[in-house]
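Results of the structural survey
Here is what each chain is made of, one letter per residue.
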Amino acid sequence: MNITLRRVMVVSMAAVFFASALGATLFVDDAYADTSIEITDSTGETITLDAPARNVITIGRGFTTTVAELGGKEKIVAYDSYSVGVATEYGITGENIGSPYQAAEDLVTKIISLRGGGIFDVEKDIVITDTSTYMLNDGKVRDLLTGQGFKVVSFGGDTYEDILGAVESIAKLIGKESSDVIVDMNEALDSAKEMAGSIAEEDRVTAIYVSESSGLLRVYNEGIAVSMIELAGGINVGYKSGVSTKYHVEEAADIVLLNPDIVLLDGNHSLTAEEFRDTVLEAPFINVVKLDKEWNNYCPAAAEGLRAISALMSDTYEHDDSYWDVNPIDYTVVGGIIAAILIIAVAGIFIMRRH
């Protein structure tokens, strides 16, 4: 082999190696420049990082799912016990640090041990939590962690836009802003708004969102599912004025009297849609749709939920029987039957009087 050819081969191989190395470096994250990252979480706290976080601790199933689906599962070094199923599904190798709702001090102690073991850098990495009182109250998880120098972001809210904002902020914090997940969630929102705008006022679907706690049925004034109903052009007939909380407790008979076109059942309910309709509401003419557990959560699956609810709130639900558990009752037929019964009854009374 002549010297010139050999030199060309060496240079070519070096170029390929350099390009591969450069590619591997570029695709670790969307951006790992020196520019700092700043986000404000749902509680108004502003967090600044010099670069996307290398490692993340997620407390909350939805947040663990979000980081994984954004493409950052390798960043999760620890997660709470409610995220175990997600960790198994996505092959997350981080540590299960337990439940923050049972022993906050134990969980915080485990997180601090990750710092001591060199796994977590309090200056460069982040802890993601929800906005529950278990997290934010004085002396609870966030207080304990920030007191030790950890950077903690907390996300919560009552609308689809709140979920989208949380996912976008997390994507920014971990350097995954160009993820298709963000595009999909925005497309779902735009599509729902466009579809809602095409629905005439007289054609708007009435709906309510129902969950159950300790045997009591909750009908919601506001919340993520209600937000989706309204974004999709539906009417929340479960709204009750003068209520200071997000929901109000109602009897099954009261829910039926609201006469909704659709009852959206919380995905965590133990019964199926059919069982809830037949054994709880005892109203076979009510259309019950059970939501997926992840649709009403802080994770990208909310986009799928918005699309499904948007279809229910549009003309689609009238033509696609897969959205219905039973066909809507035909009140014309029922009216005819009732009229016939009344005629027979009146005729019977008349005959009895003649005799």
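Before reading further, recall that the structure is shown in the block above.
Residues numbered from 1 in each chain as written. Predicted model: local features only at pLDDT ≥ 70, side-chain atom pairs only at ≥ 80, totals over all residues. Heavy atoms only, no water.

Broken down by element type, the protein chain carries 14 helices and 13 strands. Across the 355 residues in the protein chain, those meeting the buried criterion constitute 43%. Contacts in the protein chain between residues far apart in sequence, at least 24 positions, make up 63% of those at least 6 positions apart. Of the roughly 18,600 Å² that the protein chain leaves accessible, carbon and sulfur atoms contribute 54%. (Helix = DSSP H or I, 4+ residues; strand = E, 2+ residues; numbered from the N terminus. Buried < 20%, exposed > 50% of the residue type's maximum accessible area, 1.4 Å probe, protein only. Contact = heavy atoms within 4.5 Å. Areas by Shrake-Rupley, 256 points an atom, 1.4 Å probe, with all protein chains shown as cover.)

Moving on to the sheet that holds strand β6 (residues 126–130). Pairing is parallel across the open sheet formed by 5 strands, whose spatial order is β5-β4-β3-β6-β7. Edge positions in the open sheet fall to β5 (95–96) and β7 (152–155), since each of these has one partner strand only. As defined by bridge partners, strand β4 (residues 76–79) adjoins β5 across 2 bridges and the pair is classed as parallel. By the bridge assignment for β5, Tyr79 is matched with Asn96. Packing against the sheet, helix α7 (residues 160–174) makes contact with β3 (56–58), β6 and β7, and its axis sits at approximately 160 degrees to β7. (Pairing = 2+ DSSP bridges. Axes fitted to C-alpha atoms, helices over the stretch in contact; angles between N-to-C directions.)

Attention now goes to the pairing of β7. Across the two faces of β7 the burial is the same, with Val152 and Ser154 and Val153 and Phe155 all buried. With 4 bridges joining them, β6 and β7 adopt parallel strand pairing. Among the inter-strand pairings, Ile128 is bridged to a residue of β7, identified as Val153.

Turning our eyes to something else, we now look at the packing of helix α9 (residues 224–231) against helix α12 (residues 302–313). Where α9 contacts α12, the two axes come as close as 8 Å, and the packing angle between them is 50 degrees. The pairing of α9 with α12 is recorded here as oblique in orientation. As for the relative orientation of α9 and α12, their crossing is right-handed in sense. Contacts between α9 and α12 involve Met228, Ile229 and Leu231 from the former and Ala302, Gly305, Leu306, Ile309 and Met313 from the latter. (Parallel < 35°, antiparallel > 145°, perpendicular 65-115°, else oblique. Left-handed = near helix turned anticlockwise from the far one by under 90°.)

Approximately 1,300 Å³ is the volume attributed to the largest pocket. Contributions of two or more residues to the lining of the largest pocket are made by α2 (61–69), α5 (133–136), β8 (206–213), β9 (216–220) and α9. When residues of the lining of the largest pocket are assigned to their parent elements, the largest contribution, 4 residues, is made by β8. Split by residue class, the lining of the largest pocket holds 12 nonpolar, 16 polar and 12 charged. (1 Å grid on protein atoms, 1.4 Å probe; cavity = no way out; pocket = protein on both sides within 12 Å on 5 of 7 lines; lining within 4 Å. Points joined across faces, edges and corners; volume = space filled by probe spheres on them. Nonpolar A, V, L, I, M, F, W, Y, C, P; charged D, E, K, R; others polar.)

Glancing now at α7. An ideal rise of 1.5 Å per residue puts 21 Å on 15 residues; α7 measures up with 21 Å between its terminal C-alpha atoms. Listed in full, the buried residues belonging to α7 are Tyr160, Ile163, Leu164, Ala166, Val167, Ser169, Ile170, Ala171, Leu173 and Ile174. Looking at the residues trailing α7, positive phi occurs at Gly175, about 75 degrees. (Expected span 1.5 Å × (residues − 1).)

Where helix α8 (residues 180–197) contacts α12, the axes come no closer than 9 Å and their chain directions differ by 15 degrees. Judged on the interaxial angle alone, α12 and α8 are roughly parallel. Helix-helix and strand crossings are classified by hand; for α8 and α12 the assignment is left-handed. Facing Asp184, Met185, Glu187, Ala188, Leu189, Ala192 and Met195 of α8, the residues of α12 in contact are Ala302, Ala303, Leu306, Arg307 and Ser310. Within the contact of α8 with α12, the residues separate by chemical class into 8 nonpolar, 1 polar and 3 charged.

Ile128, Tyr160, Met185, Leu264 and Met313 are the most contacted members of the largest nonpolar core, which has 60 residues in total. Once residues within four sequence positions are removed from consideration, Leu264 is found in contact with Ile208, Tyr209, Val210, Ile229, Val289, Leu291, Ile309 and Leu312. Core analysis: the next-biggest nonpolar cluster, separate from the first, contains 18 residues, Ala78, Ile111, Met135 and Val141 among them. (Core = buried A, V, L, I, M, F, W, Y, C linked by side-chain atoms within 4.5 Å.)

This part is about unusual backbone geometry. One non-glycine residue, Asn259, lies in positive phi territory at about 55 degrees. Tracing the backbone through its elements, the reader meets Asn259 in the loop between α10 (252–257) and β12 (262–265). Overall, Asn259 belongs to the partly exposed group, its relative accessible area being 48%. For Glu282, which is not a glycine, the phi torsion comes out positive at approximately 50 degrees. Topologically, Glu282 is positioned in the loop between α11 (273–281) and β13 (287–290).

The next thing to look at is α2. Burial of α2 is extensive: 7 of the 9 residues sit out of reach of the surface. Residues of α2 that are buried include every one of Gly62, Phe63, Thr64, Thr65, Thr66, Val67 and Ala68, and no others. Packing partners of the buried residues in α2 comprise β3, β4, α3 (84–90), β6, β7 and α7. Looking at the residues trailing α2, positive phi occurs at Gly71, about 100 degrees.

On to the pairing of strand β11 (residues 247–250). Side chains His248 and Glu250 project from β11 onto a buried face, and the interleaved Tyr247 and Val249 project onto a face without burial. Sheet topology note: the β9/β11 ladder contains 4 bridges and is antiparallel. For Arg218, the partnering residue across the bridge sits in β11 and is Val249.

Note that all results are geometric; they support no functional claim without further evidence.
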